[in-house]
Amino acid sequence: MHTPSPSRLLRFALLLGLTLALPDAFAAAPAAAGFAMPWWGWPLALFAVCFLLGIIAVPAGVGGGVLFVPIVSGFFPFHLDFVRGAGLLVALASALSAGPSLLSGGYASLRLALPLALVASASSILGAMIGFALPTHVVQTALGGTILAIVVLMASAKKSEFPSVPAPDAISAALGMNGILVEAGTGRRVPWQVHRTPQGLAVFFVIGILAGLFGLGAGWANLPALNLLMGAPLKISAGTSSFVLSLVDSSAAWVYLNKGAVLPMIAVPSVIGMMLGAKIGARLLKVLPAATIRKLVLVLLAFAGVRALLKGLGVWN
Amino acid sequence: MELKNDELGADQIAYARVLAVVTNTGLAGLVILFGIYVLGGLDPHIAHDRLPELWKLPARQFLEATGMAPGWGWTALLPRADILTLVGIAALAFASVPCLAVIMPVYWRTRRRALFVICAFEIVVILLAASGLVTGGH
């Protein structure tokens, strides 16, 4: 198997770091030297950053939304309202475009997703409203804390390929939240079912609030909730987690649209950049060292989380 | 080896088909509308060179500074180029509604009334969010 050399990885990390640092440097430049980046420079830089984020998001196994909000809010001059709105649209567009193949390939379960998505989409409206009611520095500080918690969760959470579910609970049995998964290597057909649906619904209520509040997307929380709590197989959890976002982020996105927090010049380059990057990332999946990229992304997220926290606290503006 | 259609379920197949059409159309429309906006095919409501002073503002101040109303007020400014791009974004945010509407008759026919009701409620939640009634958009 081809393994990229450390120097190539270093160059990749350096390129990503420079791409992130340049907008910040230009943002500070006007005060220092009377120079301002032309208006089109920001959307272009945003597109470039999202393209790179899209490439690394796939091998790292994270959604683009969770990378987008802390990084763009930390290093671009846009107000957090617009970044959260664009973050939701990035997560929504990614989930919508992945949805058809996940559903028709049997990697997402519609009947598993629907009840959870209903609860989470209702609470995402609540989350978005809370986000607009709170002062910006409070949301920014909470975002920083949440991102750091996500880093810990992603670094420590275990996964189970086929969790043991001795019997479905009454709700999951009544709603038909079960199915068959075909193993890729062997072609073996494995029936699956879920349990602890009431607890799952409660967790998805909280996930919806966080998704609406920060515009993060919420695959980082959906996946462990489906896999470790409810006992869905890992592949079904991953696919359904992505599909659920297409419903949850739809309702939250409308709150941002209604509040005027969707600026096309920020949202559209982000969506296009992230989706093109994700396509490249999917093609490079066999070449890029997934474990190393994942570590790099966690470091990047931790840095962005600290930046958001300090920005919210007024320590690093 | 893939799952057969009866293993996936008629609901899942129908949802996937409609979602593919709606999403691909919506994304293509969004790219075209944004292209018109960036290339100056139509006049925007907000001049490009004003954007750097406006995107630093909170959403509420942004609306005041640009004379836009919250909620569906932006539709009054159609067909300005930037506002037209919002139509593409709104289409994506509505994409799930036709998919849900298509599978509701499937659930009704197969007597899965609970799933029928869940779909109906999901549509209501999205429409309520879109209406601005519960979110103070109007």
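Right, let's walk through the structure included here. As the structure is a computational prediction, the values presented were derived from the model and not from experiment.

What counts, and at which threshold
Residues numbered from 1 in each chain as written. Chains lettered and ligands numbered in written order. Predicted model: local features only at pLDDT ≥ 70, side-chain atom pairs only at ≥ 80, totals over all residues. Heavy atoms only, no water. Helix = DSSP H or I, 4+ residues; strand = E, 2+ residues; numbered from the N terminus. Buried < 20%, exposed > 50% of the residue type's maximum accessible area, 1.4 Å probe, protein only. Contact = heavy atoms within 4.5 Å. Axes fitted to C-alpha atoms, helices over the stretch in contact; angles between N-to-C directions. Left-handed = near helix turned anticlockwise from the far one by under 90°. Buried area = accessible area lost by both parts, 1.4 Å probe. Salt bridge = Lys/Arg side-chain N within 4 Å of Asp/Glu carboxyl O. Polar contact = N/O pair within 3.5 Å; in protein donor to acceptor, adjacent residues only side chain to side chain. Nonpolar A, V, L, I, M, F, W, Y, C, P; charged D, E, K, R; others polar. Patch = residues over 30% accessible without salt bridge, like charges linked within 9 Å, V, L, I, M, F, W, Y side chains within 5 Å. Areas by Shrake-Rupley, 256 points an atom, 1.4 Å probe, with all protein chains shown as cover. Lys, Arg positive; Asp, Glu negative; His and termini not counted. Expected span 1.5 Å × (residues − 1). Pairing = 2+ DSSP bridges. Phe/Tyr/Trp six-rings, centres within 6.5 Å; stacked < 30°, edge-to-face > 60°.

**Some remarks on the overall build of chain A**
1) Next: Summing up its helical and strand segments, chain A has 12 helices and 2 strands in all.
2) Next: Helices (α) and strands (β) of chain A occur, in sequence order from the N terminus, as α-α-α-α-α-α-α-β-β-α-α-α-α-α.
3) Next: Looking at chain A residue by residue over its 317 residues, the buried ones come to 57%.
4) Next: Relative to all contacts within chain A whose residues are 6 or more apart in sequence, the contacts with residues 24 or more apart total 80%.

**Here's the deal with the packing of helix H5 (residues 110-133) of chain A against helix H8 (residues 197-214) of chain A**
Residue and element names in this part refer to chain A.
1) Next: Two elements in contact, H5 and H8, have axes whose closest approach is 6 Å; the angle formed by their N-to-C orientations is 35°. In terms of crossing hand, the pair formed by H5 and H8 is right-handed. Listed contacts from H8 to Pro115, Leu116, Val119, Ala120, Ser123, Ser124, Leu126, Gly127, Ala128, Ile130 and Gly131 of H5 are Gly200, Leu201, Phe204, Phe205, Gly208, Ile209, Gly212 and Leu213.

**Some remarks on unusual backbone geometry**
1) Next: Looking along the chain, the bond that leaves Leu78(B) and enters Pro79(B) is cis, with omega of 5°.
2) Next: As for its placement among the helices and strands, Pro79(B) is situated in the loop between helix H4 (59-66) and helix H5 (81-93).
3) Next: Its identity is not glycine, yet Arg196(A) carries a phi of approximately 55°, on the positive side.
4) Next: For Arg111(B), which is not a glycine, the phi torsion comes out positive at approximately 60°.
5) Next: Checked against the element boundaries, Arg111(B) lands in the loop between helix H6 (96-109) and helix H7 (113-131).
6) Next: Of the residues examined, Arg111(B) reaches a relative accessible area of 66% and is grouped as exposed.

**Notes on the interface of chain A and chain B**
1) Next: Of the residues lining the interface, 60 residues belong to chain A; the matching set on chain B comes to 65 residues.
2) Next: Carbon and sulfur atoms make up 74% of the surface buried where chain A meets chain B, a total of about 5,200 Å² over both sides.
3) Next: Counting across the interface, chain A meets chain B through 1 salt bridge.
4) Next: Across the salt bridge formed by Asp11(B) and Arg111(A), the nearest N and O atoms sit 3.0 Å from each other.
5) Next: Connecting chain A to chain B are 13 residue pairs in polar contact (both at pLDDT 80 or more).
6) Next: Looking at the side of chain A that touches chain B, the elements with two or more residues in it are helix H2 (41-60), helix H4 (80-104), H5, strand E1 (178-182), helix H10 (234-258) and helix H11 (264-283) of chain A.
7) Next: Per-class residue counts for the side of chain A that touches chain B are 43 nonpolar, 13 polar and 4 charged.

**As for the pattern of salt bridges**
Oppositely charged side chains can form a pair if their charged atoms are brought close together.
All names here are of chain A.
1) Next: Within this structure, the stated rule accounts for 3 salt bridges over all chains.
2) Next: Between Asp81 and Arg84 there is a salt bridge, and its shortest N-O distance comes to 2.8 Å. One end of the pair is Asp81 and the other is Arg84, both in helix H4 and 3 residues apart, which spans about a single turn.
3) Next: Since its relative accessible area comes to 8%, Asp81 is described here as buried.

**Section: the environment of Gly63(A)**
Residues and elements named next belong to chain A.
1) Next: As for its placement among the helices and strands, Gly63 is situated in the loop between H2 and helix H3 (64-75).
2) Next: Here Gly63 falls in the partly exposed class, since its relative accessible area comes to 41%.
3) Next: Each C-alpha atom, one on Gly63 and one on Met37, is 30 Å from the other, the two residues being 26 residues apart in sequence.

**Considering a nonpolar patch on the surface**
All names here are of chain A.
1) Next: Taken together, Leu126, Ile130, Leu134, Val138, Phe205 and Val206 make up a surface patch of nonpolar side chains, about 440 Å² in accessible area.
2) Next: Looking at the nonpolar patch, the elements with two or more residues in it are H5 and H8.
3) Next: Locating Val138 in the fold gives a position in helix H6 (residues 136-156).
4) Next: Look at Val138 and you get partly exposed, because its relative accessible area is 33%.

**Focus on the side chain of Glu122(B)**
1) Next: Structurally, Glu122(B) can be placed in helix H7.
2) Next: Although Glu122(B) is buried, it forms no salt bridge, and the closest oppositely charged side chain is Arg111(A) at an N-O distance of 15 Å.
3) Next: At 3.3 Å, the side chain of Glu122(B) forms a polar contact with the backbone nitrogen of Leu118(A).
4) Next: Setting aside anything within four residues of it in sequence, one finds Glu122(B) in contact with Ala117(A), Leu118(A), Ser121(A), Leu247(A) and Leu100(B).

**Comments concerning helix H2 (residues 10-39) of chain B**
1) Next: Taking 1.5 Å per residue, 30 residues should reach 44 Å; H2(B) reaches 44 Å between its end C-alpha atoms and fits that length.
2) Next: Backbone geometry just after H2(B) places Gly40(B) at a positive phi near 80°.

**Let's talk about the pairing of E1(A)**
Residues and elements named next belong to chain A.
1) Next: Relative to strand E2 (residues 189-193), E1 is paired through 5 bridges, and the arrangement is antiparallel. Counterpart to Leu181 in the pairing with E2 is Val190.
2) Next: Counting the residues between successive antiparallel strands, the hairpin from E1 to E2 contains 6 residues, one of them, Gly187, with a positive phi of roughly 80°.

**Here's the deal with H5(B)**
1) Next: Spanning 13 residues, H5(B) covers 19 Å between terminal C-alpha atoms, matching the ideal 18 Å at 1.5 Å per step.
2) Next: The buried count for H5(B) comes to 11 of 13 residues, which makes it a mostly enclosed element.
3) Next: If you check which residues of H5(B) are buried, you get Ala81(B), Asp82(B), Ile83(B), Leu84(B), Thr85(B), Leu86(B), Gly88(B), Ile89(B), Ala90(B), Leu92(B) and Ala93(B).
4) Next: Next to the buried residues of H5(B) lie H4, H10 and H11 of chain A together with H2 and H7 of chain B.

**What about the packing of aromatic side chains?**
1) Next: Under the defined criterion, the tally for this structure stands at 13 aromatic pairs over all chains.
2) Next: An angle of 25° between the planes, with centres 5.7 Å apart, marks the rings of Phe75(A) and Phe303(A) as stacked. In this pair, Phe75(A) sits in helix H3 while Phe303(A) sits in helix H12 (residues 290-312), placing the two residues 228 residues apart along the sequence.
3) Next: Ring centres 5.1 Å apart and planes at 80° place the aromatic pair Phe82(A) and Phe62(B) in the edge-to-face group. Taken as a pair, Phe82(A) in helix H4 and Phe62(B) in helix H4 lie in two separate chains rather than in one.

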